[in-house]
Amino acid sequence: MKRLFFGLMLLASPVLAQDAVPQIPFNGSNPLKLPKDLYLGEVTGVAVNSKGHVFVLSRGNTTGPAYAAAAAQLLEFAPDGTFVREIGKNLYAWSFGHTVRVDPGDNIWVADKGSDMVVKFSPGGRVLLVFGRKQEASDEETGPVKHPKPPLPAENGRFRQVTDVAFDPAGNAFISDGYINSRVAKVDRNGNWVKSWGDRGTKPGEFNTPHSIAADAKGNIFVADRGNRRIQVFDGEGTFQREFTIDVPYDSKARPAIGNLPDLAKIEASGTKTMMPGAPWTVCITPGPKQVLYASDAFPGRVFKLSLEGKVLGVLGESGKQWKQFGWIHEIACPSENVLYVAELLNWRVQKLVLNPKK
């Protein structure tokens, strides 16, 4: 009854739900041609460069024991889906891949949650910059990271389960950090540490798992504050601008991608809202003078199109295994307003979405 009540509340409340959010028609397809004997694991990241090449971060090529195995592999595909190369094979930072981004110069950036590192590659695939440092293999205290409450104070230059990176027009990079730390770090175009802001909490400027990050053409920074079920917006110096939530009616009988139907009342009471409808797992902002933002939730498994002010312009998709269905979208690449690439954890794939397809 609690779940039904919550679903009805979303449908009925003008405060919690936007009325008449249009369903966006779309097609979904497989954009990649994998060569023989190459397989994807959980696909955690996808990005597209200026030439239309697709970069896929997968927890494939897993090596090690069942627990604490290294699981990260960066692959490049041509615009027609043909496999081009693997970048950074056996890289020291590979541990548990989280996201991949391409900056305006076509440099490729990877955030690795397991090694607490962010790596910048040139378009040719050479390492240009490294941020953070992984635990030493020779240290007797090396092991699974802890989640103390309250978290330990953040340290300049180091990360704790880092999640994502974004770029402003001036070439600064903004790093969301992360599952343990609760902040955004800023580094300049030369890799110099500038500052960080944020801490664990629910107030403006505080975070509960800053999971994804993007910047608009004016240099505003959009953070998917997943555990708080909101998107926060800052200027490039970390000054809070505004926040908004994604409140779209949903079918209370919708099936989750995996596991039992979430007990939304219990999740709300827990303070960590990751599996609530509208909790943003991803943010992606389109290029060009007319920018829009795309985001996704894990339950009931939708993609949302929003204005930069936070108005929901449309919604598409649902959880499932087939094309046009989603299994925990972990990252979105949005090279244009009507073409998206989504990285799915549970379905081990990248899906290309064409919105408003011509009949």
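Keep in mind it's a predicted model, so treat the numbers as computed, not measured. (Residues numbered from 1 in each chain as written. Predicted model: local features only at pLDDT ≥ 70, side-chain atom pairs only at ≥ 80, totals over all residues. Heavy atoms only, no water.)

Visitor: Which parts of the structure should I look at to understand the state of the cysteines?
Guide: Chemically, a disulfide is nothing more than a covalent bond linking the sulfur atoms of two cysteines. Counted under the stated rule, the structure contains 1 disulfide. Between the sulfur of C284 and that of C334 lies a disulfide, 2.0 Å long from S to S. Looking along the S-S bond of the C284-C334 disulfide, the torsion reads about -100 degrees, which is the left-handed sense. With C284 in strand β18 (residues 282–285) and C334 in strand β22 (residues 329–336), this residue pair connects regions lying 50 residues apart in the sequence. The same class applies to C284 as to C334, namely buried. (Disulfide = S-S within 2.5 Å. Helix = DSSP H or I, 4+ residues; strand = E, 2+ residues; numbered from the N terminus. Buried < 20%, exposed > 50% of the residue type's maximum accessible area, 1.4 Å probe, protein only.)

Visitor: Just checking my understanding: could you explain the packing of aromatic side chains for this structure?
Guide: What characterises a pair of aromatic rings is the spacing of the ring centres plus the angle enclosed by the ring planes. Overall, the coordinates contain 12 aromatic pairs when judged by the stated rule. Each ring, one from W109 and one from F167, has its centre 5.1 Å from the other, and the planes form 55 degrees; the classification is tilted. On the criterion of sequence distance, the pair formed by W109 in strand β7 (residues 108–112) and F167 in strand β10 (residues 162–167) is long-range, its members being 58 residues apart. Each member of the pair, W109 as well as F167, is classed as buried. On the basis of an interplanar angle of 55 degrees and a centroid distance of 5.8 Å, the ring pair of F207 and F234 is categorised as tilted. You can see F207 sitting in the loop between β13 (193–197) and β14 (210–215) and its partner F234 sitting in strand β16 (residues 230–234), a full 27 residues away along the chain. Exposure remark for F234: the relative accessible area of 1% places this residue in the buried category. Taken together, the ring pairs in this structure connect F174, W197, F207, F234 and F240 into an aromatic cluster. Of note, K324 hangs over the ring of F26, and the distance from its end group to the ring centre comes to 5.1 Å. (Phe/Tyr/Trp six-rings, centres within 6.5 Å; stacked < 30°, edge-to-face > 60°. Lys NZ or Arg CZ within 6 Å of the ring centre and 35° of its normal.)

Visitor: Teacher, can you tell me more about the confidence of the model for the protein here?
Guide: In low-pLDDT regions, the fine details of the predicted coordinates are not to be read closely. Mean pLDDT over the protein: 93, with 94% of residues reaching 70 or higher. Ranking the elements of the protein by mean pLDDT puts helix α1 (residues 2–12) last, at 43, and strand β15 (residues 221–225) first, at 99. Across residues 1–17 the pLDDT falls below 50, and counting only partners more than four positions away or on other chains, this stretch makes 24 contacts in the model. (pLDDT = per-residue confidence, 0-100. Contact = heavy atoms within 4.5 Å.)

Visitor: Can you help me understand the sheet that holds β22 in this one?
Guide: Across a sheet, strands are paired by hydrogen bonds formed along the backbone, either parallel or antiparallel in direction. Across the sheet, which stays open at both edges, the 4 strands sit in the order β1-β24-β23-β22 with antiparallel pairing between neighbours. Single-partner strands in this sheet number two, and they are β1 (26–29) and β22. Neighbouring strand axes in the sheet, compared pairwise and without regard to direction, differ in orientation by 25 degrees on average. Sheet topology note: the β22/strand β23 (residues 339–344) ladder contains 5 bridges and is antiparallel. Across the sheet, residue E331 finds its bridge partner in β23, namely A343. (Pairing = 2+ DSSP bridges. Axes fitted to C-alpha atoms, helices over the stretch in contact; angles between N-to-C directions.)

Visitor: What's the story with the pattern of salt bridges in this structure? I'm lost.
Guide: Here the idea is simple: oppositely charged side chains can pair when their charged atoms come close. The full count for this structure, using the stated rule, is 18 salt bridges. With its nearest N and O atoms 2.5 Å apart, the salt bridge here joins E337 to K305. One end of the pair, E337, is in the loop between β22 and β23; the other, K305, is in strand β20 (residues 303–306), and 32 residues separate them in sequence. Taken together, the shared-partner salt bridges connect R101, D164 and E331 into one network. (Salt bridge = Lys/Arg side-chain N within 4 Å of Asp/Glu carboxyl O.)

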